[in-house]
Amino acid sequence: MRIDAIHLRELNLPLVHPFETSFGRTTDRRVLLVEIESEGLTAWGECVAGEHPYYCEESIDSAWQVMKAELAPALTANDVEHPGKCREIFSRVRGNRMAKAALENSVWDLEAQRRGISLADLLGGTRTTIPCGVSIGIQDTPAILMKKIETELAAGYQRIKLKCKPGWDLNILREVRSLWPDITLSVDANSAYRIRDLDHLVEFEQFNLLMIEQPLWYDDFYFHSMLQKRLQTAICLDESIRNRRDALAAIDMESCRIINIKVGRVGGFSEAIAVHNVAEERGIAVWCGGMLETGIGRAHNIALSSLPNFSLPGDVSASKRYWKEDIVEPEITVSATGEITVPTGPGRGYEVRRDLVERLTVRSESIRAKELVH
Ligand code: OSB
Ligand code: MG
């Protein structure tokens, strides 16, 4: 297929509630969208990089620069026979996986439209509905957190994940478990602990957690492996897993027993599928993580979550938990039993509200195929 033009845009969208992790608080999301024009079709992708390089090395500004200067020109200069070819086209550029993913995922979105099948089908999905959980940020007080948990359980979500850090961990878990002894519960530390906290982390065992997500360094396997040996509770790796080889290493070293797959973090759908497959072969369950996406990234996460080994509830939740008005229609909704129905129409299955996108755009830039410039 021939890519005629790639449009980058930045939108500013206030979150309904601020989202706080161990590395910081987000109140407004700077959203980077990619729109691809190809032979009369329009496809979309979302770059999930943060406002700051705190979750990983990328930020939306670094991603914009790399897409504009390197990745987008490489894509328009090549014949992209299949979205699976993007990895090779981008291979000269090291890292920058969120920037690569935004473009590659748009090409998958395009290919699904071209073939008139759903994105989920194109990716090899088998599930018709996906189980959903929520990620609840650090709150100003424990009482506010308890209220939030109550709301999310009432909405039907199947798993509650709490962001934690030293000082917002055992005290919180004690209170949550006294109120809800049996719910499926996990924590995500976003690398807030060190190996010297080992005895402290062993205390988490008493709360019957489904998993402890990324307790140690964002780039570590070795110390996670040491920690996993001391814990009955499964460690789940998020930040550390950048690709299929990382997943293999982590599984072989027993650094984790569960993997969180984020399509942006691993550089696109092709690599996400590869991580999914290698985990499946080794009997390691995966689930789909989230990065406070708008409906575009969310739609892509839903399609990915339809693959068979996404057996645990993901951080893929309803639009209204994040946005007053999402940029897709219909907005993403979750059933009373905590499930999202995987759309079956062609492409991503959620229309982009172009008028709203235009109104929210604060900067844009286009990269066109060379032959079109005269
Ligand atoms: O570690 O999963 C994470 C959001 C920003 C950065 C990192 C993470 C998160 C989340 C949000 O947990 C999950 C969501 O989008 O619902
Ligand atoms: Mg995480």
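Just above sits the structure.
Residues numbered from 1 in each chain as written. Chains lettered and ligands numbered in written order. Predicted model: local features only at pLDDT ≥ 70, side-chain atom pairs only at ≥ 80, totals over all residues. Heavy atoms only, no water.

Caption draft 1: Structural detail: the nonpolar core. Within the largest apolar cluster, 89 residues are counted, with the highest numbers of intra-cluster contacts made by I149, L162, V176, F204, I259 and I340. No other element matches helix α10 (residues 269-281), which puts six residues into this core. Setting aside its immediate chain neighbours within four residues, I340 contacts T128, T129, I130, C132, I302, V316, I332, T333, V334 and Y350. Membership of the second largest hydrophobic core comes to 35 residues, among which are Y55, W64, V93 and M98. (Core = buried A, V, L, I, M, F, W, Y, C linked by side-chain atoms within 4.5 Å. Buried < 20%, exposed > 50% of the residue type's maximum accessible area, 1.4 Å probe, protein only. Helix = DSSP H or I, 4+ residues; strand = E, 2+ residues; numbered from the N terminus. Contact = heavy atoms within 4.5 Å.)

Caption draft 2: Representation of α10. Across its 13 residues, α10 extends 18 Å between first and last C-alpha, which sits within 8% of the 18 Å expected from 1.5 Å per residue. In terms of burial, α10 is a largely internal element, ten of the 13 residues being buried. Buried within α10 we find F269, S270, E271, A272, I273, A274, V275, H276, V278 and A279. Note on α10: the residue one or two positions beyond its end, G283, has a positive phi of about 70 degrees. (Expected span 1.5 Å × (residues − 1).)

Caption draft 3: Representation of the side chain of R29. Within the secondary structure, R29 sits in strand β2 (residues 24-38). Since its relative accessible area comes to 4%, R29 is described here as buried. A distance of 3.0 Å separates a polar atom in the side chain of R29 from the backbone oxygen of M291. In this structure the side chain of R29 is engaged in a polar contact, spanning 3.5 Å, whose partner is the backbone oxygen of L292. If sequence neighbours within four positions are ignored, R29 has contacts with L11, N12, L13, V48, A49, G50, E51, M291, L292 and W323. (Polar contact = N/O pair within 3.5 Å; in protein donor to acceptor, adjacent residues only side chain to side chain.)

Caption draft 4: Region of interest: the sheet that holds strand β3 (residues 41-47). The four strands are arranged β3-β2-β1-β15 in an open sheet whose pairing can be described as antiparallel. Looking at strand neighbours, the two that pair on one side only are β3 and β15 (361-368), the edges of this open sheet. Taken over all neighbouring pairs, the strand axes of this sheet differ in orientation by 25 degrees on average, direction set aside. Looking at chain direction, strand β1 (residues 5-21) and β15 are connected through seven bridges and run antiparallel. Across the sheet, residue L11 finds its bridge partner in β15, namely T361. Here helix α11 (residues 295-305) sits on the sheet and contacts β2 and β3; the angle it forms with β3, its principal contact strand, is near 95 degrees. (Pairing = 2+ DSSP bridges. Axes fitted to C-alpha atoms, helices over the stretch in contact; angles between N-to-C directions.)

Caption draft 5: Focus on the sheet that holds strand β5 (residues 133-136). In spatial order, the strands read β5-β6-β7-β8-β9-β10-β11; together these seven strands make up an open sheet with parallel pairing. Because the sheet does not close on itself, it has two edges, and the strands there are β5 and β11 (285-288). On average, each strand axis in the sheet is inclined to that of its neighbour by 25 degrees, with strand direction left out of account. Sheet topology places strand β9 (residues 235-237) next to strand β10 (residues 258-261); two bridges connect them, and they run parallel. Its bridge partner being in β10, L237 is matched across the sheet by I259. Contacting β10 and β11, α10 crosses the sheet at an angle of about 165 degrees to β10.

Caption draft 6: Just the site of ligand 1, in detail. Looking at ligand 1, there are 16 residues lining it, with S135, N190, K262, L292 and Y322 nearest. Between K161 and ligand 1, the recorded distance is 3.1 Å, taken from a side-chain N or O atom to an oxygen atom. Here an oxygen atom of ligand 1 and a side-chain polar atom of N190 are 2.8 Å apart. Isolated, ligand 1 exposes 390 Å² of accessible area, and the fraction of that covered by the protein chains is 97%. Here the shell around ligand 1 is built from residues that sort into six nonpolar, three polar and seven charged. (Near = heavy atom within 4 Å. Areas by Shrake-Rupley, 256 points an atom, 1.4 Å probe, with all protein chains shown as cover. Nonpolar A, V, L, I, M, F, W, Y, C, P; charged D, E, K, R; others polar.)

Caption draft 7: Spatial organisation of a nonpolar patch on the surface. Residues Y222, M226 and M253 make up a contiguous nonpolar surface patch of about 280 Å² in total accessible area. Summarising the element assignment, M253 is placed in the loop between α9 (244-252) and β10. (Patch = residues over 30% accessible without salt bridge, like charges linked within 9 Å, V, L, I, M, F, W, Y side chains within 5 Å. Salt bridge = Lys/Arg side-chain N within 4 Å of Asp/Glu carboxyl O.)

Caption draft 8: Structural context of the packing of aromatic side chains. A complete count under the given rule lists six aromatic pairs for this structure. Where Y193 meets F204, the ring centres are 6.0 Å apart and the plane angle is 85 degrees; that geometry is what we call edge-to-face. One end of the pair, Y193, is in the loop between β7 (185-188) and α7 (198-202); the other, F204, is in the loop between α7 and β8 (211-213), with eleven residues separating them in the sequence. No difference in accessibility class separates Y193 from F204, as the two residues are buried. By way of ring pairs, the aromatic residues W217, Y222 and F223 are connected into one cluster. Stacked on the ring of W287, the Lys or Arg R159 has its end atom at 5.1 Å from the ring centre. (Phe/Tyr/Trp six-rings, centres within 6.5 Å; stacked < 30°, edge-to-face > 60°. Lys NZ or Arg CZ within 6 Å of the ring centre and 35° of its normal.)

Caption draft 9: How the structure looks around the pattern of salt bridges. Applying the stated rule across the entire model yields 32 salt bridges. A salt bridge links R2 to D4, with the shortest nitrogen-to-oxygen separation between them at 2.6 Å. The class for R2 is partly exposed, based on a relative accessible area of 33%. Residue D4 is classed as buried on the basis of its relative accessible area of 16%. The partner of D188 in a salt bridge is K163, with the nearest N and O atoms 2.7 Å apart. Residue D188 is located in strand β7, and its partner K163 is located in strand β6 (residues 159-163); the two are separated by 25 residues in the primary sequence. What makes D188 buried here is its relative accessible area of 0%. On the accessibility criterion, K163 (7% relative accessible area) is buried. Linked through salt bridges whose partners overlap, the residues forming this network are R159, K161, K163, D188, E213 and D315.

Shape descriptors only; they carry no functional weight alone.
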